[in-house]
Amino acid sequence: MTNRTTIQLEINGQTQALEVEPRVTLLDALRDHLQLTGTKKGCDQGQCGACTVHVDGERVLSCLTLAAQAEGRKITTVEGLSGPGGELHPVQAAFLEHDAFQCGYCTPGQIMSAVACIREGHAGSDDEIREYMSGNLCRCGAYPHIVEAIREAAKVMS
Ligand code: FES
Ligand code: FES
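Residues numbered from 1 in each chain as written. Chains lettered and ligands numbered in written order. Predicted model: local features only at pLDDT ≥ 70, side-chain atom pairs only at ≥ 80, totals over all residues. Heavy atoms only, no water.

Asks: For the overall build of the protein chain, give the residues involved together with the corresponding values.
Replies: Counting its regular elements, the protein chain contains 5 helices and 5 strands. Mapped from its N terminus to its C terminus, the protein chain presents α and β elements in the order β-β-α-β-β-β-α-α-α-α. The C-alpha radius of gyration of the protein chain comes to 16 Å, within 12% of the 15 Å expected for a compact globule of 158 residues. Over its C-alpha atoms, taken along the principal directions, the protein chain stretches across nearly 50 × 30 × 25 Å. Sorting the 158 residues of the protein chain into buried and exposed places 43% on the buried side. Excluding contacts between residues fewer than 6 apart, the proportion of contacts in the protein chain whose partners are at least 24 apart in sequence is 53%. When the accessible area of the protein chain is evaluated, it comes to approximately 8300 Å², of which 47% is carbon and sulfur surface. In the protein chain, which carries 13 positive and 20 negative side-chain charges, the distance between the mean positions of the two groups comes to 3 Å. (Helix = DSSP H or I, 4+ residues; strand = E, 2+ residues; numbered from the N terminus. Rg over C-alpha atoms; globule rule 2.2 N^0.38 Å. Buried < 20%, exposed > 50% of the residue type's maximum accessible area, 1.4 Å probe, protein only. Contact = heavy atoms within 4.5 Å. Areas by Shrake-Rupley, 256 points an atom, 1.4 Å probe, with all protein chains shown as cover. Lys, Arg positive; Asp, Glu negative; His and termini not counted. Charge placed at Lys NZ, Arg CZ, Asp CG, Glu CD.)

Asks: With reference to specific residues and values, describe the packing of helix H2 (residues 90–97) against helix H3 (residues 107–119).
Replies: Following both chains from N to C, one finds H2 and H3 inclined at 125°, their axes separated by 9 Å at the closest point. Comparing their axes, H3 and H2 come out oblique. Seen along the crossing, H2 lies across H3 with a hand that is right-handed. Contacts from Val91, Gln92 and Phe95 of H2 reach H3 at Thr107, Gln110, Ile111, Ala114, Val115 and Ile118. Residues that form the contact of H2 with H3 fall into these classes: 6 nonpolar, 3 polar and no charged. (Axes fitted to C-alpha atoms, helices over the stretch in contact; angles between N-to-C directions. Parallel < 35°, antiparallel > 145°, perpendicular 65-115°, else oblique. Left-handed = near helix turned anticlockwise from the far one by under 90°. Nonpolar A, V, L, I, M, F, W, Y, C, P; charged D, E, K, R; others polar.)

Asks: An account of unusual backbone geometry is needed here, citing residue identities and associated values.
Replies: Positive phi values are uncommon outside glycine, yet Gln35 reaches one of about 55°. Take Gln35: it is sitting in the loop between helix H1 (26–33) and strand E3 (52–55). Given a relative accessible area of 55%, Gln35 falls into the exposed group. Located in the positive-phi region is Asp56, a residue other than glycine, with phi close to 50°. Examined against the element boundaries, Asp56 turns out to sit in the loop between E3 and strand E4 (58–61). Among the residues examined, Asp56 registers a relative accessible area of 42% and is labelled partly exposed.

Asks: Kindly report on the side chain of Thr77, identifying the contributing residues and their values.
Replies: When you line up the elements, Thr77 lands in the loop between strand E5 (74–76) and H2. Judged by its relative accessible area of 0%, Thr77 falls in the buried class. Separated by 2.9 Å, the side chains of Thr77 and Asn12 make a polar contact. Discounting chain neighbours no more than four positions away, the residues touching Thr77 are Ile11, Asn12, Leu30, Thr39, Val53 and Met112. (Polar contact = N/O pair within 3.5 Å; in protein donor to acceptor, adjacent residues only side chain to side chain.)

Asks: Outline the side chain of Glu21, supporting the account with residue identities and numerical values.
Replies: As for its position among the elements, Glu21 is in the loop between strand E2 (14–20) and H1. At a separation of 2.9 Å, a polar atom in the side chain of Glu21 contacts the side chain of Arg23. Residues in contact with Glu21, not counting those within four places in the same chain, are Thr2, Asn3 and Arg4.

Right under this line is the structure:
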């Protein structure tokens, strides 16, 4: 028996209504119900960070957040980071400039995490960046370039 409920989510500045079962995660709501596939599923258990999005400006793992828990809060995904004219966010631009990705699958989560990391004031040194970005795994081993990109983006954003 399905037990669907209608929820309203504010995603990247737009309110969207969707009918989902209460068990649906924010990650699956974004990917499967709203076709926002930028947010990735690497593990679905809170261990990889590929699903990182912002809820009310804070980084969260969308695989461990129920869609219903995000109702009434502001959600930002990687698709919502660029400016109104499509200009890249400084963190996106820095990732390109510094080759901070290879396959690109961890990248949306890395970028969302990096934006929050800088905003939290945790980009003060390379060691601090490494520590506060350690919740985002990258199998391609782009870590040195990710640190470089965040260091440079933090300068632009300060
Ligand atoms: S998919 Fe959420 S942490 Fe891996
Ligand atoms: S760029 Fe491939 S996993 Fe990070």
